[in-house]
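Examination of the molecular architecture
One letter stands for each residue in the lines below.
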Amino acid sequence: EADIYQTPRYLVIGTGKKITLECSQTMGHDKMYWYQQDPGMELHLIHYSYGVNSTEKGDLSSESTVSRIRTEHFPLTLESARPSHTSQYLCASSGWSSGELFFGEGSRLTVL
Amino acid sequence: QQQVKQSPQSLIVQKGGISIINCAYENTAFDYFPWYQQFPGKGPALLIAIRPDVSEKKEGRFTISFNKSAKQFSLHIMDSQPGDSATYFCAASGRVGANNLFFGTGTRLTVIP
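Because the structure is predicted, anything quoted here is derived from the model rather than measured.

A short note on the overall build of chain A
For chain A, the count of helices and strands is zero helices and 11 strands. Counting from the amino terminus, helix and strand elements in chain A follow one another as β-β-β-β-β-β-β-β-β-β-β. Taken against the 2.2 N^0.38 rule, which gives 13 Å for 112 residues, the C-alpha radius of gyration of chain A at 13 Å falls within 12% of a compact globule. Taken along its principal axes, the extent of the C-alpha atoms in chain A is 40 × 30 × 25 Å. When the accessible surface of chain A is totalled, it reaches about 5300 Å², and 52% of it is carbon and sulfur.

As structure tokens, then:
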């Protein structure tokens, strides 16, 4: 069982609110990722990090931002949520040389 | 542009039957092809993976078949069980451990008793 945790699991908020999705892993992995998943669509990488103080944007443009101040923690923030941000957000981590991604259970965001 | 094309979108198989999911790619630089399994309410989990230097890899009831010249790979689930009911994603990347894994759109498999 992978030790990667996401909170909240479900969030319903109004337009314009600031939200932070939390992601923590206890496996000591250097690499962490945020994917966006919509029904019937592929997972799209929106952010990744190779380690502390390292963050990069993925192939899908996103208005969200991320930070990596601690190895185990990789939060995602939306400063002003909009209905177009409604989606499931999946956090993942991996070891440096391993191709295996360990995913959290996801945070399902609904913006009204 | 979709890097990995996956079909079918959904699949219903009788218990004990064979489930087959197909994927195709264009980028010849892809060098690592994993399959992920996702149950409802859970994140995807690695099921099995293959490198292009072999044409087939088998783990229990799950087999990946790889056709490098056709740029296609498929997942076969033998003796399908109701517990296999899940969404399956194929994926590809330039190398093991690459920062970006390109996923297919997923196949929702339902195995009926």
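From this point, the narrative continues.
Side note on the packing of aromatic side chains
To describe a pair of aromatic rings, you give the distance between the ring centres and the angle between the ring planes. Applying the stated criterion across every chain yields a total of 17 aromatic pairs over all chains. Centre to centre, the rings of Phe103 of chain A and Tyr36 of chain B are 5.9 Å apart; their planes meet at 85°, and the pair counts as edge-to-face. A residue pair is termed interchain when its members come from two chains, as with Phe103 of chain A in strand β10 (residues 102-103) and Tyr36 of chain B in strand β4 (residues 33-38). Note on Phe103 of chain A: relative accessible area 7%, which makes it buried. Between Tyr25 of chain B and Phe66 of chain B, the aromatic rings sit 6.3 Å apart at their centres with planes inclined by 20°, giving stacked as the arrangement. With Tyr25 of chain B in strand β3 (residues 19-25) and Phe66 of chain B in strand β7 (residues 62-67), the pair connects residues that are 41 residues apart, well separated along the chain. Classification of Tyr25 of chain B as buried rests on a relative accessible area of 5%. Grouping aromatic residues by their ring pairs yields a cluster made of Tyr25, Phe30, Phe33, Trp35, Phe66, Phe73 and Phe102 of chain B.

Concerning the state of the cysteines
Residue and element names in this part refer to chain A. Following the criterion strictly, the structure yields two disulfides over all chains and no others. Residue pairing for Cys23: its cysteine sulfur links by disulfide to Cys91, the two sulfurs lying 1.9 Å apart. Across the S-S bond of Cys23 and Cys91 the torsion is about -75°, and the bridge reads as left-handed. Of this pair, Cys23 sits in strand β3 (residues 19-25) while Cys91 is found in strand β9 (residues 87-94), placing the two residues 68 residues apart along the sequence.

Procedures and definitions
- Residues numbered from 1 in each chain as written.
- Chains lettered and ligands numbered in written order.
- Predicted model: local features only at pLDDT ≥ 70, side-chain atom pairs only at ≥ 80, totals over all residues.
- Heavy atoms only, no water.
- Helix = DSSP H or I, 4+ residues; strand = E, 2+ residues; numbered from the N terminus.
- Rg over C-alpha atoms; globule rule 2.2 N^0.38 Å.
- Areas by Shrake-Rupley, 256 points an atom, 1.4 Å probe, with all protein chains shown as cover.
- Phe/Tyr/Trp six-rings, centres within 6.5 Å; stacked < 30°, edge-to-face > 60°.
- Buried < 20%, exposed > 50% of the residue type's maximum accessible area, 1.4 Å probe, protein only.
- Disulfide = S-S within 2.5 Å.

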